[in-house]
Structures are given as structure tokens and as C-alpha cells.
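Secondary and tertiary structure notes
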Amino acid sequence: RTGATAALAAKYLARPDSSTLTICGCGNQGRIQLLAMLQVLPAIRQVYAWDVNADTARDFANRMASELPGTVEVVEDAGIAARDSDVIVTCTPARSFYLHREDIRPGTFIAAVGADSPGKQELEPALVASSKLVVDVLEQCARVGELQHALAANLITLDQVHGELGRVVTGQIPGRQTDEETIIFDTTGSAIQDTAAAVLVYEKALSHGAGLWLDLFE
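The present account deals with the structure reproduced in this document.

Calculation notes
Residues numbered from 1 in each chain as written. Predicted model: local features only at pLDDT ≥ 70, side-chain atom pairs only at ≥ 80, totals over all residues. Heavy atoms only, no water. Helix = DSSP H or I, 4+ residues; strand = E, 2+ residues; numbered from the N terminus. Contact = heavy atoms within 4.5 Å. Patch = residues over 30% accessible without salt bridge, like charges linked within 9 Å, V, L, I, M, F, W, Y side chains within 5 Å. Areas by Shrake-Rupley, 256 points an atom, 1.4 Å probe, with all protein chains shown as cover. Salt bridge = Lys/Arg side-chain N within 4 Å of Asp/Glu carboxyl O. Buried < 20%, exposed > 50% of the residue type's maximum accessible area, 1.4 Å probe, protein only. Right-handed = clockwise from strand over helix to strand, strands pointing away. Pairing = 2+ DSSP bridges. Disulfide = S-S within 2.5 Å. Core = buried A, V, L, I, M, F, W, Y, C linked by side-chain atoms within 4.5 Å. Axes fitted to C-alpha atoms, helices over the stretch in contact; angles between N-to-C directions.

Focus on the environment of alanine 36
Relative to the elements of secondary structure, alanine 36 occurs in helix H2 (residues 28–40). Taking the C-alpha atoms as reference, alanine 36 lies 5.6 Å from alanine 7; in sequence the two are 29 residues apart. Aside from chain neighbours lying at most four places away, what touches alanine 36 is Gly3, Ala4 and Ala7.

Following this line, the structure appears as C-alpha cells:
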């Protein structure tokens, strides 16, 4: 559901013609994010893979090369890759930022996935504050997302956040308005997403006659 949420954000907030994607963090979440992004951004042809562990990045590139029509290239510097990217997904456990404001060119969409608890951070606060910021849950992002650091640095206030993704999807507020906007989606996760996913799994199991019935009160 984390991959699906970021992809939904990309559908509304990334440029539709985006062709270059950087994945920061090449574990299982990175793989899921790439597969999800390909569903909504079919023009992606170049993928850059960055991880603090070079072997992990190489394994990722080898594994994912067959999943897209373009190429997957391992990079040693996330910032250099970011400067050549239309879309960036950050999904690492970092506790200090590694992407700077100057690394991001106008029009880029960033799905900031990794910061989901106090202290975790992947983006420079100045980058967050200078971009159009869309969040999944405002109060939660203010406490544990990338937004927490921009607020702590007094670079942004809550009323300067563009809004929550749900309001974009329902048309209450606009998504991307120009090709030059730099947009960040700060996502920290929501319990209702887990519940919705569980309901889908349950209903599919019922329709296929799969699974075992358990009486939890026996």
C-alpha cells in the first residue's frame, strides 16, 4: 500500500511525460516503488538506483532490469542522479538528509517515503520549504515526516502546506498546475490504508475459497 500511495500521488503530481526516475534505497520497498511508479508513469525509460550499500544497488539493478523497457543504472551519488531526474523516490532509513535543494531541478516530483518516525530525514529542510508540499496526513507529517524538520527550522508553517493528497484526488485543491513546479509528497502512512488493503485481501480470499476459518474465542 506504500507503493500504491506514492504512485497515486505521482499520478496527480508528477509530469505525465516524466521519463527519468531515481530510486534512493534499493531494498524491497525500492522495488515496490519502482513497479508502482511504472504503472502510472509509462514514459519512464531511465532509472537510477542509489543505496548506501553498493552491492544492494547492483542487485536491485540486475533484478529490475527486466521489469522496464529502458535501463537501470547504479549511481554512487544520489544528488547527481537527482539533477537528471523527473521523479525521485526516497525510501531509506536515513536520519540526516542526503538530497539538497540545489540537487533538484524545476518540475521534479519527489515521493518522500522514508521519514515516518521522529528523527528520520532524507530531504534538506530548505528543499521541503521551497517546494509545493502535499502530505498524506497533515498532523502526522508535522510530527514524524519530512515536514517535522522544516517546521523545526522555522522555514515553513502548517498553513503553507498545499494540502493533503485526498483533497487533491477529490478535486478540492489542485494538483500540479505548471511543468515548472517542484512538488514533494510527504507520506508517513495511514492505518486506514492498511485496513482497506486487509479488506481487499479478505474479500479476494472469500471469492476464491482460500484460507482457513479460525475461531479466536475457542
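There is more to say after this.
What about a nonpolar patch on the surface?
Residues Leu212, Leu214, Leu216 and Phe217 make up a contiguous nonpolar surface patch of roughly 630 Å² in combined accessible area. Within the secondary structure, leucine 214 sits in the segment after helix H9 (191–208).

Here's the deal with the pairing of strand S1 (residues 20–24)
Here S1 lies mainly inside the structure; 5 of its 5 residues are buried. Residue alternation in S1 divides its side chains into two sets, Thr20, Thr22 and Cys24 and Leu21 and Ile23, and both sets are buried. Regarding topology, H2 serves as the crossover connection from S1 to the parallel strand S2 (residues 46–50), and that connection is right-handed. The pairing of S1 with strand S4 (residues 87–90) spans 4 bridges and is classified as parallel. Residue pairing for S4: isoleucine 23 is matched across the bridge by valine 89.

Describing the state of the cysteines
Counted by the stated rule, this structure contains 0 disulfides. Here cysteine 24 is not cross-linked by a disulfide; its sulfur's nearest cysteine counterpart is in cysteine 91, at 7.7 Å. The thiol of cysteine 26 is not disulfide-bonded; the next cysteine sulfur, from cysteine 91, is found 7.5 Å away.

Looking at the nonpolar core
Core analysis: the biggest nonpolar cluster contains 33 residues, and Leu21, Met37 and Phe109 have the highest contact counts within it. With sequence-adjacent residues up to four places away left out, leucine 21 is seen in contact with Leu34, Met37, Ile44, Gln46, Val47, Tyr48, Ser85, Val87, Ile88 and Val89.

So, the sheet that holds strand S8 (residues 132–135)
Overall, parallel pairing links the 8 strands, which are arranged S3-S2-S1-S4-S6-S10-S8-S9 in an open sheet. If you trace the sheet from one side to the other, it starts and ends with strand S3 (71–74) and strand S9 (163–164), each paired once. Bridge analysis of S1 against S2 gives 5 bridges, and the strand direction is parallel. By the bridge assignment, cysteine 24 is partnered in S2 with tryptophan 50. With respect to the sheet, helix H3 (residues 54–64) is in contact with S1, S2 and S3, its orientation differing from that of S3 by roughly 175°.

Notes on the pattern of salt bridges
Enumeration over the complete set of coordinates arrives at 8 salt bridges. Notably, a salt bridge pairs arginine 105 with aspartate 86, separated by 2.8 Å at the nearest N-O pair. Of this pair, arginine 105 sits in the loop between strand S5 (95–99) and strand S6 (109–112) while aspartate 86 sits in the loop between helix H4 (78–82) and S4, and the two are 19 residues apart along the sequence. Arginine 105 sits in the partly exposed class, given a relative accessible area of 29%. Connected via shared salt-bridge partners are Arg15, Asp17, Asp84, Asp86 and Arg105.

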